[in-house]
Amino acid sequence: KSLSLQDLRKSIGFLPTNPPMLNGTVRYNLDPENEYDDKDLWDALTTVLINSFISDLSEGLNSDDVYSFDRETRRLFYLAIMILKKFNIIVVEEPNLSL
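Cut-offs applied
- Residues numbered from 1 in each chain as written.
- Predicted model: local features only at pLDDT ≥ 70, side-chain atom pairs only at ≥ 80, totals over all residues.
- Heavy atoms only, no water.
- Buried < 20%, exposed > 50% of the residue type's maximum accessible area, 1.4 Å probe, protein only.
- Helix = DSSP H or I, 4+ residues; strand = E, 2+ residues; numbered from the N terminus.
- Arc of directions from axis to C-beta.
- Contact = heavy atoms within 4.5 Å.
- Core = buried A, V, L, I, M, F, W, Y, C linked by side-chain atoms within 4.5 Å.

Participant: Give a description of helix α3 (residues 38-47) that names residues and reports values.
Facilitator: The α-helix winds at 3.6 residues per turn, so residues separated by three or four positions along the chain end up facing the same way. Within α3 the residues assigned to the buried category are L41, A44 and L45. Mapping the buried residues of α3 onto a view down its axis gives an arc of 100°, with all of them on the same face. Projecting away from the buried face of α3 at angles above 90 degrees are the exposed residues K39 and T47. Packing partners of the buried residues in α3 comprise α2 (26-30), α4 (51-55) and α5 (71-85). Directly beyond the C-terminal end of α3, a positive phi value near 65° is found at L49.

Participant: Got a sec to walk through the nonpolar core? Specific residues and values, please.
Facilitator: By size, the foremost hydrophobic cluster in this structure holds 18 residues, and its most contacted members are V26, L30, L45, I54, L61, F69 and F77. Those elements that provide at least two residues to this core are α2, α3 and α5. Examining the composition of this core, we find that four residues originate from one element, α5, more than from any other. Non-local contacts of L30, meaning those with residues more than four positions away in its chain, are made with L41, L45, L61, F77, A80, I81 and L84.

The structure is reproduced here in structure tokens:
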């Protein structure tokens, strides 16, 4: 069985060392194309253990306080996105400390 390049690209997620955040709310950053319902978003956040952090924000999923997230929280946030998108392969960028 062959796999098209497009299908291959859809199955691979990339977790950068220092993930950027988009302008907008937590919800928008998780799901900019509005494909998922709240339950899916909360399930993904729960899986990566940042659901309490997000629910403690003043407006939860509707909070636009995404720039205050530290790097590790942003990385977990990106991992939640990858869980939502059901990537089969996740490439994790790690800095080389010897450089």
